[in-house]
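Topology and contacts: notes
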Amino acid sequence: MSTAVPDSPLINAVTTASDASALDDLWNLDDEMPRNNAGTGEILHFAVRCAILAPSSHNSQPWQFKILNDGLLLIKDRSRSLPVVDPYDRELIISCGAALFNIRVALAHVGISARFDVLPDPLDEDLLVRVTVDHAMSVSHDDLIAPLLSAIPKRVTNRSRFSADALSTEVISKLQHAAKTEWAKLSVAISVGEREAIAALVAAADLTQFSDERFRHELASWLHPSRSHDGLAAFSNELEKTLDFATPLVALVVRTFDVGNGRAAHDKALPEGSPLLACISTATDDASAWLMAGQALQRVLLTAAQEGLAVSYLNQPIEVETARSALAALMDTERFPQLLLRVGRGIAPAHSPRRKLADVIS
Ligand SMILES: Cc1cc2nc3c(=O)[nH]c(=O)nc-3n(C[C@H](O)[C@H](O)[C@H](O)COP(=O)(O)O)c2cc1C
C-alpha cells in the first residue's frame, strides 16, 4: 500500500496555551488527592476525576456518573455511541469498564472499600455499575491495585512507531497477569511471522471499514476541529486540510499507526514498529464481559505505563465481524477477542482532551 501523503505537518493538537494548561491540570492528580479526613463525597469526586482519564473509543467518553450519599452510579451515555463502528455498544461498555477500573484504583488508593454491583437493574440496561462505599469492609481485594494510581496520568494512547527491541518475558507475564486477575485473557504474538499475519488482517479490515461511507462520516465527526473536549483532536485542523477523508490512509494514520508527519504505517512497518501484539479476550460476549474487558484493558494499560511501555490499538479485525474469528485463530484463543493492542517502547505523545467534570456528573 502506498503511503504518499501530502507533506502535512501532522502535529499534535492545535491547542492554545490556556487549553494546554487546563489539560495539564486535568492530568495532575497530586493536587487533587483527598485529604486524610476527607468525607465520602470528596473521595467519590476524586474517583470520578480519575475515571474520566480512562481511554475511550474515538475519545467519545461515553459515561455519566451520579454521586449518591454512599456511593455512585456509572451510567452509559448513549448519546455518545458510535453506531457504525460499534453497533452493539461493545466498545462503549469496554470504555466504561476502563473508567470503572480507575474508580477502583482511586478508592483503593485512599483506603476505601466498596461493593461493585454490575448491571444491577435488569430494567435499566444503561445503569452499568452501582458502587457502594462500605466502611465496615476492612479488607478490600482491591488493595493490590492502589499503587497503579500514579500510572493513571502516565497512560496515553501512543500511535507512534515503537523501538524494535523485544520485551522481556517477565514484563509480558506481568501484562498477562494483569488481564487474568480481571477475568480476561491476554494472548500475545511475538514472532515476526505472527505479527505479519495479524498486520495483514488489520490492513484488510481497515480497508473494509474505510470503504463504508458511513464509517468515514462517523470518524470524521469525531475528528472535527470544533471538538475541544472530546474526539480525536490530535488530528484536528491540519489533518482536515491536507488529507482526503475518502482515502483509507486517513484511517490508518488516525486509528492505527502514525509513522510521523502524517504518514501511515505500511507493509512491514506495523509489525516492525510493534514488538508485541496482544489480544484481550473474554469467555463470553455480553455487557458484563465487556465491562470485564474494559477493566482488564485498563489494568493492562496501567501496568504497562508503570513499566514505561507504550500501547495503542489495532481493533479493526475485531470491529469487522468476519475478521474476528480469523484473529481468534491467529491469536490461538477460543475466546472472544475484545481488544487488539500493540505494545513497545516509544516517546509519549501529548494527552487528549477530556470533558469537564461538571458535564459528566449528574
Ligand atoms: C474500547 C476502545 C477502543 C479503541 N480503539 C482504538 C482504535 O481502534 N484505534 C486507535 O488508534 N485508538 C483506539 N482507542 C484509543 C482511543 O482513541 C483513545 O483512548 C482516546 O483517543 C483518548 O486518548 P488517550 O487514550 O490517549 O487518553 C480505543 C480506546 C478504547 C477504550
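Residues numbered from 1 in each chain as written. Predicted model: local features only at pLDDT ≥ 70, side-chain atom pairs only at ≥ 80, totals over all residues.

Section: the site of the ligand
Applicable threshold: Using the backbone to place each C-beta atom, any residue with that atom within 6 Å of a molecule or strand is considered near it. Secondary structure counts use DSSP, requiring at least four H or I residues in a row for a helix and at least two E residues in a row for a strand, with both numbered from the N terminus. In the scheme used here, Gly and all other residues not listed as nonpolar or charged are polar, with Ala, Val, Leu, Ile, Met, Phe, Trp, Tyr, Cys and Pro taken as nonpolar and Asp, Glu, Lys and Arg as charged. The domain limits used here are those given by an automatic or database domain assignment.
In the vicinity of the ligand lie 19 residues, with Pro55, Asn59, Thr157, Tyr313 and Asn315 positioned nearest. Secondary structure elements with two or more residues in the shell around the ligand: helix 3 (90–109) and strand 7 (310–313). Considering each element in turn, the shell around the ligand owes the most residues, four residues, to helix 3. Along the lines of polarity and charge, the residues of the shell around the ligand split into six nonpolar, 10 polar and three charged. Composition of the shell around the ligand by domain shows at least three residues from each of domain 1 (17–155) and domain 2 (169–344).

Digging into the nonpolar core
As a reminder of what qualifies: Under the definition applied here, buried Ala, Val, Leu, Ile, Met, Phe, Trp, Tyr and Cys residues are grouped into a nonpolar core through C-beta atoms within 7 Å. Field definition: a residue is buried when 20 or more other C-beta atoms are found within 10 Å of its C-beta, exposed when 12 or fewer are, and partly exposed for counts in between, with C-beta atoms placed from the backbone.
Of all hydrophobic cores here, the largest spans 82 residues; its most connected members are Leu74, Ala99, Ile280, Ala293 and Val300. Counting only domains with at least three residues in this core, you end up with domain 1 (17–155) and domain 2 (169–344).

Let's talk about helix 5 (residues 192–210)
Rule in force here: Multiplying one less than the number of residues by 1.5 Å gives the expected span of a helix.
Under the 1.5 Å per step criterion, the end-to-end length of helix 5 is 26 Å for 19 residues, consistent within 8% with the ideal 27 Å. Among all positions of helix 5, only Arg195, Ile198, Ala199, Leu201, Val202, Ala203, Ala205, Asp206, Gln209 and Phe210 are buried.

Notes on the environment of Ser81
Stated precisely, the cut-off is as follows: Residues are defined as contacting one another if the C-beta atoms placed from their backbone atoms lie within 7 Å.
Secondary-structure assignment places Ser81 in the loop between strand 2 (71–76) and helix 3. Separated by 21 residues in sequence, Ser81 and Ser60 place their C-alpha atoms 7.6 Å apart. Among residues more than four places away in sequence, those in contact with Ser81 are Pro62, Asp86, Asp89 and Leu92.

So, the confidence of the model for the protein chain
What counts is decided by this rule: Per-residue confidence from the predictor is given as pLDDT, running between 0 and 100.
On average, residues of the protein chain score 86 in pLDDT, and 82% of them are at 70 or above. Segment residues 1–17: pLDDT under 50, and 34 contacts once partners within four positions in sequence are set aside and those in other chains are kept.

Section: the packing of helix 2 (residues 40–51) against helix 3
Under the convention used in this document: Helix axes are fitted to C-alpha atoms over the stretch in contact, other axes to C-alpha atoms as well, and angles between N-to-C directions run from 0 to 180 degrees. These descriptions rest on fixed angle ranges, namely under 35 degrees for roughly parallel, over 145 for roughly antiparallel, 65 to 115 for roughly perpendicular, and the rest for oblique. Should the near helix be turned anticlockwise from the far one by less than a right angle, the crossing is left-handed, and should it be turned clockwise, the crossing is right-handed.
Between helix 2 and helix 3, whose axes approach to 8 Å, the crossing angle comes to 140 degrees. When the axis of helix 2 is compared with that of helix 3, the two are oblique. Every pair of crossing elements has a handedness; the one defined by helix 2 and helix 3 is right-handed. Taking contact as the criterion, the partners of Phe46, Ala47, Cys50 and Ala51 in helix 2 are, on helix 3, Ala99, Asn102, Ile103, Val105, Ala106 and Leu107. Here the residues of the contact of helix 2 with helix 3 are counted per class, giving nine nonpolar, one polar and no charged.

Considerations on the sheet that holds strand 2
Convention followed: Only strands joined by at least two bridges in the DSSP assignment are considered to pair.
Pairing is antiparallel across the open sheet formed by four strands, whose spatial order is 1-2-4-3. With one partner strand each, in any of the chains shown, strand 1 (63–67) and strand 3 (114–118) form the two edges of the open sheet. Going from strand to strand, the sheet's axes swing by 15 degrees on average, the running direction of each strand aside. With five bridges connecting them, strand 1 and strand 2 associate as antiparallel partners. Following the sheet pairing, Ile67 is matched in strand 2 by Leu72. On top of the sheet, helix 2 reaches strand 1, strand 2 and strand 4 (127–133); it is set at about 175 degrees to strand 1, its chief contact. Sheet contacts for helix 3: strand 1, strand 2, strand 3 and strand 4; angle to strand 2, the most-contacted strand, approximately 165 degrees.

Let's talk about the pairing of strand 2
The buried fraction of strand 2 amounts to six of the six residues, a majority that puts the element mostly inside the structure. Residues Gly71, Leu73 and Ile75 point to one face of strand 2 and Leu72, Leu74 and Lys76 to the other, with burial holding for every one of them.

Brief notes about helix 3
Compared with the 28 Å implied by 1.5 Å per residue over 20 residues, the 29 Å span of helix 3 between its first and last C-alpha is a close match. Across the 20 residues that make up helix 3, a large majority, 20, are buried. Remark: Gly111 follows helix 3 within two positions and exhibits a positive phi of approximately 75 degrees.

A word on unusual backbone geometry
Despite not being glycine, Asp89 shows a phi value in the positive range, around 65 degrees. Relative to the helices and strands, Asp89 resides in the loop between strand 2 and helix 3. Notably, Leu119 is not glycine yet its phi reads approximately 45 degrees, a positive angle. Within the fold, Leu119 resides in the loop between strand 3 and strand 4.

Topic: the sheet that holds strand 6 (residues 276–282)
Overall, antiparallel pairing links the four strands, which are arranged 5-6-8-7 in an open sheet. Each edge of the open sheet is held by one strand with a lone partner, namely strand 5 (185–189) and strand 7. For this sheet, the mean inter-axis angle between neighbouring strands, taken without regard to orientation, is 30 degrees. Sheet contacts for helix 10 (residues 287–306): strand 5, strand 6, strand 7 and strand 8 (336–344); angle to strand 6, the most-contacted strand, approximately 150 degrees.

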